[in-house]
Amino acid sequence: MLLYIHIPFCDSKCFYCAFNSYTDRFHLKHEYMNALKKQLKNDLENYVIKDNIKIETVFIGGGTPSTIKAFEYEEIFEMIKPYLEEFAEITTEANPNSASFEWLENMKNLGVNRVSFGVQSFDNDKLKFLGRAHNSNSAIKAIQNAKSIDFKGINCDIIYGVQNDTMESLKKDFDTAFSLPITHLSAYSLTIEEGTKFFDRSSVKIDDEELSYEIFDYINKQGFHQYEISNFAKNKESESKHNYGYWQHKEYLGVGAGAVGYVNQERYYPSKNIEEYIKNPLDYEIEEIDLDDIKTEKILLGFRSLNGVEISLFNKQEMKKIDNLIQYNKIYIENNRVFNKNFLLSDELALYILD
């Protein structure tokens, strides 16, 4: 079982961000954390304690978890501690602006062993263009602080495919990241989504598949291996176990306004609205996931990552298409699993097989 905790507060709203986050509800932080603890208690009792299972990984995301004081997380860690696997990976996202040395140190003392910084770029002009609240120096300092506090894992997010991006400018971002003590890099292509400031401004995005291949090749040459379409790790140990859990279609608790949980072939959705969530954090929308949907998701997610897909999922007709793709050197089979050679083609390959 995985556990995701959503913190929907942000110092500022990035122009590309479609996540459930707010910049004008800070007065509700304490009430929100109390509601979150009520939901966590309920979900632990119904899905963890009752079935006598352990929590493998924890991920605190947002929004911006570093907008919440570390002491507000203390009770959460007390609640989950009895149910954590030994050496569980516990990650928090953090904004370089709000993740002070003191906050990082306090979170480490609570049990967090991995931190993921939403850097996006080390170029101050690009950061301004994206609507980020921090600058290059604060990002560098935050990563250095995390290292001096001795976090086991340190991730740096970089966005590419933004107006004016070139391979040369992106190399500067990656070179700066690799000069720092990171163990993991997430390189995301900019996506334009409804409800964001960038929506209806198609010119802000570069659609260049060649650029993606160049980026992947460059990062790999720096010693960070690609294990999912957007994720690169210094070694096997540095891969995100939490993200891998999603790609393996493991069950997960989703705690917080706008989080999503997946248990017993059902997805459950707590209210996105902070005020509504505070009133009733146990008011979930439930979505039944049928076996066909689960199969499709397992194939799409497996082809996006080194996880691959269990061969027994495919029927005879689909196996014929897999044989065709093997002949064209697009996929391969190893240890009864089907693996994709090119993550950028993952959706096309999956849809071809399933069509």
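The structure this text deals with has already been given above.
Rules of the game
- Residues numbered from 1 in each chain as written.
- Predicted model: local features only at pLDDT ≥ 70, side-chain atom pairs only at ≥ 80, totals over all residues.
- Heavy atoms only, no water.
- Axes fitted to C-alpha atoms, helices over the stretch in contact; angles between N-to-C directions.
- Helix = DSSP H or I, 4+ residues; strand = E, 2+ residues; numbered from the N terminus.
- Parallel < 35°, antiparallel > 145°, perpendicular 65-115°, else oblique.
- Left-handed = near helix turned anticlockwise from the far one by under 90°.
- Contact = heavy atoms within 4.5 Å.
- Nonpolar A, V, L, I, M, F, W, Y, C, P; charged D, E, K, R; others polar.
- Pairing = 2+ DSSP bridges.
- Phe/Tyr/Trp six-rings, centres within 6.5 Å; stacked < 30°, edge-to-face > 60°.
- Buried < 20%, exposed > 50% of the residue type's maximum accessible area, 1.4 Å probe, protein only.
- Salt bridge = Lys/Arg side-chain N within 4 Å of Asp/Glu carboxyl O.

Trainee: Any details on the packing of helix 6 (residues 167-179) against helix 7 (residues 209-221)? Residues and values, ideally.
Mentor: Relative to each other, helix 6 and helix 7 sit at 30°, their axes nearing to 11 Å. Considering their axes alone, helix 6 and helix 7 lie roughly parallel with respect to each other. Helix-helix and strand crossings are classified by hand; for helix 6 and helix 7 the assignment is right-handed. Listed contacts from helix 7 to M167, L170, K171, F174, D175 and F178 of helix 6 are L211, E214, I215, Y218 and I219. Across the contact of helix 6 with helix 7, the residue classes tally to eight nonpolar, no polar and three charged.

Trainee: Which residues make up the pairing of strand 6 (residues 184-189), and what values go with them?
Mentor: Examined bridge by bridge, strand 5 (residues 153-160) and strand 6 share six bridges and lie parallel to one another. Opposite D157, over in strand 6, you have S186 as the bridge partner.

Trainee: So, the sheet that holds strand 13 (residues 309-310): which residues are in play, and what are the values?
Mentor: Ordered in space as 13-15-14, the three strands form an open sheet in which the pairing is antiparallel. Each edge of the open sheet carries a strand with a single partner, namely strand 13 and strand 14 (331-334). The pairing of strand 13 with strand 15 (residues 337-340) spans two bridges and is classified as antiparallel. By the bridge assignment, E310 is partnered in strand 15 with R337. Along the sheet, helix 11 (residues 316-327) makes contact with strand 14 and strand 15, crossing strand 14 at roughly 110°.

Trainee: I'd like a description of the packing of helix 11 against helix 12 (residues 346-354), backed by residues and values.
Mentor: Running from amino to carboxyl end, helix 11 crosses helix 12 at an angle of 140°, the nearest separation of the two axes being 8 Å. Between helix 11 and helix 12, the angle is such that the two are oblique. From helix 11, E318, K321, I322, N324 and L325 reach across to helix 12, where they touch L349, Y352, I353 and L354. Looking at the contact of helix 11 with helix 12 residue by residue, the class counts come to six nonpolar, one polar and two charged.

Trainee: So what's going on with the packing of aromatic side chains? Which residues, and what values?
Mentor: Working definition: an aromatic ring pair is given by the centre-to-centre distance plus the angle between the planes. Evaluation of the coordinates by the stated rule reveals 13 aromatic pairs. When the centroid spacing of 5.5 Å and the interplanar angle of 65° are considered together, the rings of Y244 and W247 count as edge-to-face. Remark: W247 and Y244 occur in helix 8 (residues 241-247); sequence separation between them is three residues, near one turn of the helix. Looking at W247, the relative accessible area reads 9%, which means it is buried. Each member of the aromatic cluster is reached from another via a ring pair, and the members are F9, Y32 and Y277.

Trainee: Describe unusual backbone geometry, with residues and values.
Mentor: Excluding glycine, residues mostly carry a negative phi; peptide bonds, for their part, are mostly trans. Each neighbour pair has its own omega, and for G62 with G63 the value is 20°, a cis peptide bond. Along the chain, G63 turns up in the loop between strand 2 (55-62) and helix 2 (74-80). Positioned with a positive phi, N264 is a non-glycine residue whose angle comes to about 55°. Tracing the backbone shows N264 in the loop between strand 10 (261-263) and strand 11 (266-270). Phi angles above zero are rare outside glycine, and Q265 is one such case at about 60°.

Trainee: Residues and numbers for the pattern of salt bridges, please.
Mentor: This model, assessed by the stated rule, comprises 13 salt bridges. Residue E45 pairs with K41 through a salt bridge whose shortest N-O separation is 2.8 Å. Of this pair, E45 and K41 both sit in helix 1 (residues 29-49), separated by four residues, roughly a single helical turn. By relative accessible area, E45 is classed as partly exposed at 38%. Across the salt bridge formed by E310 and R337, the nearest N and O atoms sit 3.3 Å from each other.

Trainee: Explain the environment of V260 to me, using residue names and the numbers behind them.
Mentor: Along the chain, V260 falls in the loop between strand 9 (252-255) and strand 10. Setting aside chain neighbours within four positions, we find V260 in contact with Y252, L253, G254, R267, Y268 and Y269.

Trainee: Let's hear about the side chain of S230: which residues, and what values?
Mentor: Secondary-structure assignment places S230 in the loop between strand 7 (225-228) and strand 8 (231-233). A relative accessible area of 11% means that S230 is categorised as buried. Ignoring anything within four residues of it in the chain, the contact list for S230 reads L185, S186, A187 and Y188.

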